[in-house]
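Spelled out, the chains give:
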Amino acid sequence: MLILYMSFIDDEIHRRLFEKIYMTYRKQMFLVARAVLSNDSDAEDAVHDVFLKIAKSQMQKIGSIQEAADVRSYLLKATKHQAIDHLRKRQRQRTVMNAEREDALKSIVELSDNQLVDMISNGIAYDCILQVIASLDDIYRDTLYAHFVLELSIPETASLLNCKTATAKQRLVRGKKLLQKQLLEEE
């Protein structure tokens, strides 16, 4: 990584200074970022972003700082702020994902059988639907799984489950109602 950062610095004096800063403070910067983010991978990304920003545009400023303690303070503060920015970005992504999930759940409630099959086969809210189906009682779970996920017809589902076609139909109706109810509760 050091070579990448060095490619952004033209002045040889600044290159040596950057190398010294990198070797001296990268571990401390990583620890600060990890304390904020609680994740090694994200902490590495935050430190990388700080070093990249410094290499691209901050070497003049760093070069003008006289005291080593001030350089350290500057780097650790920059790392802390970058880590907080990463945290905010992650929270925004979660908010967007939760909103999309809520929209998908709302749309599931009023679906016909064919629409539900299409959603499952297209992977829309697939994991969420499968989790709810898996949490249902055995008779409804098996019936819904066979009919909607395996896409078996009602007579085929009845044959697979060793029950009458009318029983399979009734289990599908009841199971779908339970599925919709649980999906609404998850909102």
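Our subject in this report is the structure included herewith. Small disclaimer: the values here were computed from a predicted structure and weren't measured. (Residues numbered from 1 in each chain as written. Predicted model: local features only at pLDDT ≥ 70, side-chain atom pairs only at ≥ 80, totals over all residues. Heavy atoms only, no water.)

What follows covers the environment of Arg171. Along the chain, the position of Arg171 falls in helix 9 (residues 165–186). Note: C-alpha distance between Arg171 and Ile139 (32 residues apart in sequence) is 7.2 Å. When sequence neighbours within four positions are dropped, the list of residues in contact with Arg171 reads Ile139, Tyr140, Thr143 and Cys163. (Helix = DSSP H or I, 4+ residues; strand = E, 2+ residues; numbered from the N terminus. Contact = heavy atoms within 4.5 Å.)

The next thing to look at is helix 6 (residues 126–135). Residues spaced three or four apart along an α-helix point in a common direction, a consequence of the helix completing one turn every 3.6 residues. Along helix 6, the positions that sit buried rather than exposed are Cys128, Ile129, Val132 and Ile133. Down the axis of helix 6, the sector holding all buried residues measures 130 degrees, keeping them to one side. The outward face of helix 6, more than 90 degrees from its buried face, is lined by the exposed residues Asp127 and Gln131. (Buried < 20%, exposed > 50% of the residue type's maximum accessible area, 1.4 Å probe, protein only. Arc of directions from axis to C-beta.)

Before going further, it helps to spend a moment on the packing of helix 2 (residues 12–37) against helix 3 (residues 40–64). Contact geometry for helix 2 and helix 3: axes closest at 9 Å, N-to-C directions at 145 degrees. The interaxial crossing formed by helix 2 with helix 3 has right-handed handedness. The residue inventory of the contact of helix 2 with helix 3, partitioned by class, reads 17 nonpolar, three polar and five charged. (Axes fitted to C-alpha atoms, helices over the stretch in contact; angles between N-to-C directions. Left-handed = near helix turned anticlockwise from the far one by under 90°. Nonpolar A, V, L, I, M, F, W, Y, C, P; charged D, E, K, R; others polar.)

Everything listed here is a matter of geometry and, on its own, says nothing about what the molecule does.
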